[in-house]
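Examination of the molecular architecture
Below are the chains, spelled out letter by letter.
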There are 2 protein chains.
Amino acid sequence: MTITSFIPPHRTLMGPGPSDIYPQVLQALSRPTVGHLDPLFIGMMDELKQLLQYAFQTQNAFTIAVSAPGSAGMEACFVNLVEAGDKVLVCRNGVFGERMRENVERCGGVAIVVDNEWGTAVDPDLVEQALQNDPEIKIVAFVHAETSTGALSDAKTLAEIARKHDCLTIVDAVTSLGGVPLLVDEWQLDAVYSGSQKCLSCTPGLSPLTFSQKAIDKIQQRKTKVQSWFLDQSLVLGYWSGEGKRSYHHTAPVNSLYALHEALVLLQNEGLENAWQRHRNAHEELKAGLEKLGIKFVVEETSRLPQLNAVYIPEGVDDAEVRNELLQRYNLEIGAGLGVLAGKAWRIGLMGYGARSENVALCLKALETTLK
Amino acid sequence: MTITSFIPPHRTLMGPGPSDIYPQVLQALSRPTVGHLDPLFIGMMDELKQLLQYAFQTQNAFTIAVSAPGSAGMEACFVNLVEAGDKVLVCRNGVFGERMRENVERCGGVAIVVDNEWGTAVDPDLVEQALQNDPEIKIVAFVHAETSTGALSDAKTLAEIARKHDCLTIVDAVTSLGGVPLLVDEWQLDAVYSGSQKCLSCTPGLSPLTFSQKAIDKIQQRKTKVQSWFLDQSLVLGYWSGEGKRSYHHTAPVNSLYALHEALVLLQNEGLENAWQRHRNAHEELKAGLEKLGIKFVVEETSRLPQLNAVYIPEGVDDAEVRNELLQRYNLEIGAGLGVLAGKAWRIGLMGYGARSENVALCLKALETTLK
């Protein structure tokens, strides 16, 4: 059987990611490939570092994009910062906190878990207590914006508590970067990773990553080699560093990095504050419309992410049937629930290029019609 | 300072990869992004599996693309197949054999190294001896086509020896897939990884990977968890498997997979045998021209890769100056030497779409003019 080219339809992506991609990003993606050690490409990577520093609001010299999806960015943080026997406090209020725990254990670390209900923010008091109980804990790991529930945690406060107890922080900012304030330097976060396919509206496959000097120091004091060669950031740094000759580590995903560069140029041109405001505006429009339809949010208003709206599926409504109808009739994707919310909630993303009135209008009208 | 869009020049890529990309692949890359759980995308992934099975010449059910570059494909083989204390025979005749050794040690395995001179093939007799000497060895790892030297090893014979000693094989086919015969099933190879950016002429960032049933059995008999969550193929399988409901593991690099699908459709349409012949033809043209220029090959004719031509830099010639002149004046990239060949050799790639008479002609004329 002969297989032919795959020609995808044009969907409107309002799930938990990938988000709607900027047309300029798709254009950038298909520009001619150059060598990954080409001087012009190295210049592009230097710009990309600066653009990522802007997005993360950091001056960290180590600010790069991991050549793999957000899960690899998460793993890059844990394998570099955790050594066998290290105790790590993991805050778990959704799927990605649980994945962090898995990562700690696979590094030979000891995970101390603080649980919060799915759909709520991490409770700083519980973190404070846990750290008081166990002074051997050296790292606090938490998810800033839980993609599985739409809950935003208070990264600034959690990092303050961690510092008070002399702990480094590992922060999942996959869904927060570019969508809500994330101030890496001001909040003194130590290891922060994100994803290209959420509020940056770039194609999926890359993970922006930044390490503070304290994180770098910890890595340099390791007694053992990092268990992953691919994710060993001391090796990766030789390739991304701006000084002198680049040393080959792996072949960079050239075209994907063009796309990320373009997405970040767009963010720079819009301005971070404007981007955050645009996400809030789109969320307010969506919220008003969903309330008219009688649809309720999973997360309380105070810790609700504007860019990821987890809402309960109305009683008596068939989850898969509605999502299928939206996809088939309107080419509109919304997300299913994940983990304990599977079958109970939908996740409606308003991320990056997707945080626009036309997307909100389409989603509301399509839902209204389909739910009737 | 405001950063603007990056507009790369059009280079002719004749280094060790990324290779010249098919225009159709760049087009595929910029098609509209769909969700990674979209039924149409899942259909595309099923086709991609079939196309990869064709390229690898295998019926292995576990045949996928790792969502990261070839180095991650390598690591996926080692972290899944090697447990702490396992003895692995690593054949080292270039940079990538050494990287395999690193991988074994970072998995807690014991690497027994068989060294062959850079630029030569792996000597089957040395492998036979090493396996006779140590019956505890359970895996034999080798590089089919050494990208750092241009040497082709006899994968069929090495795998036969491994089987005789009841060992599995891990095979680096990064530069061989699509360029020279690689018959996974006929040769009974167990874990084989490749890269998208070599003879498939797709953009860099993905690693085709196939596991035999014996490899899968070994993974299922593991006593410990795979140390990498991202590369744990028992989890990845839940996403790539064709049966029933896909389970979310990580967000697939949607557009990069479009590109790989397209590159493999082109390979299918041309036919593997024709592609191999085209690589040989381009190599013969290049060889004839280089000989006229008095340039000598690093690798003996019997184990020379047609798609990666490592040649000695002529006496008295400035390596960097020549490569720079080729790049600046002709927009032509050839590769520098790597490891012990740095400063001594160039690597001229004729991979995938790059294995054409026009590329050979450009390279020969540009070299002739520049070396005068």
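Residues numbered from 1 in each chain as written. Chains lettered and ligands numbered in written order. Predicted model: local features only at pLDDT ≥ 70, side-chain atom pairs only at ≥ 80, totals over all residues. Heavy atoms only, no water.

Right, let's get into the relation of the copies chain B and chain A. Of the transformation superimposing chain B on chain A, the axial component is 0.0 Å and the angular component is 180°, with the fit at an RMSD of 0.0 Å. Here the two chains are linked by the operation of a two-fold rotation axis. Within chain B, the C-alpha atom positioned nearest to the axis of rotation is that of B:Ala68, 2.5 Å from it. Looking at chain B, 100% of its interface residues are interface residues in chain A too, so the copies touch through the same face. (Least-squares fit on C-alpha atoms with pLDDT ≥ 70 in both. Contact = heavy atoms within 4.5 Å.)

We now examine the domain arrangement of chain A. All names here are of chain A. As assigned here, chain A comprises domain 1 (12-18 + 271-371) and domain 2 (23-268). Spacing between the C-alpha centres of domain 1 and domain 2 amounts to 26 Å. The partner domain 2 presents 32 residues to the 26 residues of domain 1 that form the contact. Here domain 1 packs against domain 2, burying approximately 2,200 Å² in sum over the two surfaces, 67% of which is carbon and sulfur. Area buried by domain 1 at its contact with domain 2 is led by Leu-272, Trp-276 and Leu-305, which between them contribute 27% of it. Taken together, domain 1 and domain 2 are joined by 11 residue pairs in polar contact (both at pLDDT 80 or more). Within the residue set of the side of domain 1 that touches domain 2, elements represented by two or more residues are helix 10 (272-292) and strand 11 (308-312). The biggest single contributor to the side of domain 1 that touches domain 2 is helix 10, with four residues. Its residues assigned to classes, the side of domain 1 that touches domain 2 comprises 16 nonpolar, eight polar and two charged. (Domains from an automatic or database assignment. Buried area = accessible area lost by both parts, 1.4 Å probe. Polar contact = N/O pair within 3.5 Å; in protein donor to acceptor, adjacent residues only side chain to side chain. Helix = DSSP H or I, 4+ residues; strand = E, 2+ residues; numbered from the N terminus. Nonpolar A, V, L, I, M, F, W, Y, C, P; charged D, E, K, R; others polar.)

Tallying the contact residues gives 73 residues for chain B and 73 residues for chain A. Between chain B and chain A the total buried area reaches about 6,200 Å² when both faces are included, carbon and sulfur atoms providing 61% of it. Considering only the surface of chain B that becomes buried against chain A, B:Ile3, B:Phe6 and B:Arg106 emerge as the three largest contributors, covering 13% of it. Across the chain B-chain A interface, the total number found is six salt bridges. Counting across the chain B and chain A interface gives 23 residue pairs in polar contact (both at pLDDT 80 or more). When contributions to the side of chain B that touches chain A are tallied by element, the ones reaching two or more residues are helix 1 (23-29), helix 2 (39-56), helix 3 (70-81), helix 4 (95-106) and helix 9 (254-270) of chain B. Among the elements that line the side of chain B that touches chain A, the one with the most residues is helix 9 of chain B, at nine residues. Residues that form the side of chain B that touches chain A fall into these classes: 35 nonpolar, 26 polar and 12 charged. (Salt bridge = Lys/Arg side-chain N within 4 Å of Asp/Glu carboxyl O.)

Turning our eyes to something else, we now look at the nonpolar core. Formed by 198 residues in total, the largest nonpolar core has its most connected members in A:Phe41, A:Phe78, A:Ile170, B:Phe41, B:Phe78 and B:Ile170. Residues within four places of B:Phe78 in sequence aside, it is in contact with B:Val88, B:Met100, B:Asn103, B:Val104, B:Cys107, B:Ala141 and B:Ile170. (Core = buried A, V, L, I, M, F, W, Y, C linked by side-chain atoms within 4.5 Å. Buried < 20%, exposed > 50% of the residue type's maximum accessible area, 1.4 Å probe, protein only.)

Before going further, it helps to spend a moment on unusual backbone geometry. The step from A:Gly17 to A:Pro18 runs through a cis peptide bond, and the omega angle for that step is 0°. Looking at the element boundaries, A:Pro18 is found in the loop between strand 1 (12-14) and helix 1 (23-29). Although it is not a glycine, B:Gln188 adopts a positive phi angle of roughly 55°. Mapped onto the elements, B:Gln188 comes out in the loop between strand 8 (168-172) and strand 9 (191-193). On the accessibility criterion, B:Gln188 (42% relative accessible area) is partly exposed.

Note on strand geometry: in a regular strand, side chains alternate between the two faces of the sheet. Residues and elements named next belong to chain B. Bridging between strand 3 (residues 87-92) and strand 4 (residues 110-115) involves six bridges; their strand directions are parallel. Across the sheet, Leu-89 pairs through a bridge with Ile-112, a residue of strand 4. Crossover strand 3 to strand 4 through helix 4 is right-handed. In terms of strand pairing, strand 3 meets strand 5 (residues 137-143) through four bridges, oriented parallel. Within strand 5, the position partnered with Val-90 by the bridge is Ala-141. (Pairing = 2+ DSSP bridges. Right-handed = clockwise from strand over helix to strand, strands pointing away.)

Let us look at the packing of helix 3 (residues 70-81) of chain A against helix 4 (residues 95-106) of chain A. All names here are of chain A. Two elements in contact, helix 3 and helix 4, have axes separated by 10 Å at closest approach and are oriented at 45°. Overall, the two elements helix 3 and helix 4 adopt an arrangement that is oblique. Helix-helix and strand crossings are classified by hand; for helix 3 and helix 4 the assignment is right-handed. Taken together, the residues of helix 4 that come into contact with helix 3 (itself represented by Ser-71, Met-74, Glu-75 and Phe-78) are Phe-96, Arg-99, Met-100, Asn-103 and Val-104. The residue inventory of the contact of helix 3 with helix 4, partitioned by class, reads five nonpolar, two polar and two charged. (Axes fitted to C-alpha atoms, helices over the stretch in contact; angles between N-to-C directions. Parallel < 35°, antiparallel > 145°, perpendicular 65-115°, else oblique. Left-handed = near helix turned anticlockwise from the far one by under 90°.)

Now for the pattern of salt bridges. Per the counting criterion, the structure on display carries 46 salt bridges over all chains. Where A:Glu128 meets A:Lys164, a salt bridge forms, and the shortest distance between an N and an O atom there is 2.9 Å. Here the residue A:Glu128 occupies a position in helix 5 (residues 124-133), and A:Lys164 occupies one in helix 6 (residues 155-164), the gap between them amounting to 36 residues. The partner of B:Arg92 in a salt bridge is B:Glu98, with the nearest N and O atoms 2.7 Å apart. B:Arg92 sits in the partly exposed class, given a relative accessible area of 21%. Looking at B:Glu98, the relative accessible area reads 25%, which means it is partly exposed. The network of salt bridges with shared partners includes A:Arg92, A:Glu98, A:Arg101, A:Glu105 and A:Asp115.

Here the focus is the sheet that holds strand 13 (residues 345-349) of chain B. Residues and elements named next belong to chain B. Strand order in the open sheet formed by four strands is 1-12-13-11, and the pairing between neighbours is mixed. Only two strands of the sheet have a single neighbouring strand rather than two, namely strand 1 (12-14) and strand 11 (308-312). Neighbouring strand axes in the sheet, compared pairwise and without regard to direction, differ in orientation by 30° on average. Across five bridges, strand 11 lies against strand 13 in antiparallel orientation. Bridge pairing links Ala-310 to Arg-347 in strand 13.

So, about helix 2 (residues 39-56) of chain A. Helical periodicity: at 3.6 residues per turn, an α-helix aligns residues three or four positions apart in one direction. Residue and element names in this part refer to chain A. Given a rise of 1.5 Å per residue, 18 residues ought to cover 26 Å, and the 26 Å separating the end C-alpha atoms of helix 2 matches this to within 8%. Residues of helix 2 that are buried: Phe-41, Ile-42, Met-44, Met-45, Leu-48, Lys-49, Leu-51, Leu-52, Gln-53, Ala-55 and Phe-56. In the core, the buried residues of helix 2 are packed alongside strand 2 (62-66), strand 9 (191-193), strand 10 (207-211), helix 8 (233-240), helix 9 (254-270) and helix 10. Sitting at the amino-terminal end of helix 2 is Asp-38, which places a side-chain oxygen 2.9 Å from the backbone nitrogen of Leu-40. Following helix 2 by one or two positions, Gln-57 has its phi on the positive side, about 55°. (Expected span 1.5 Å × (residues − 1).)

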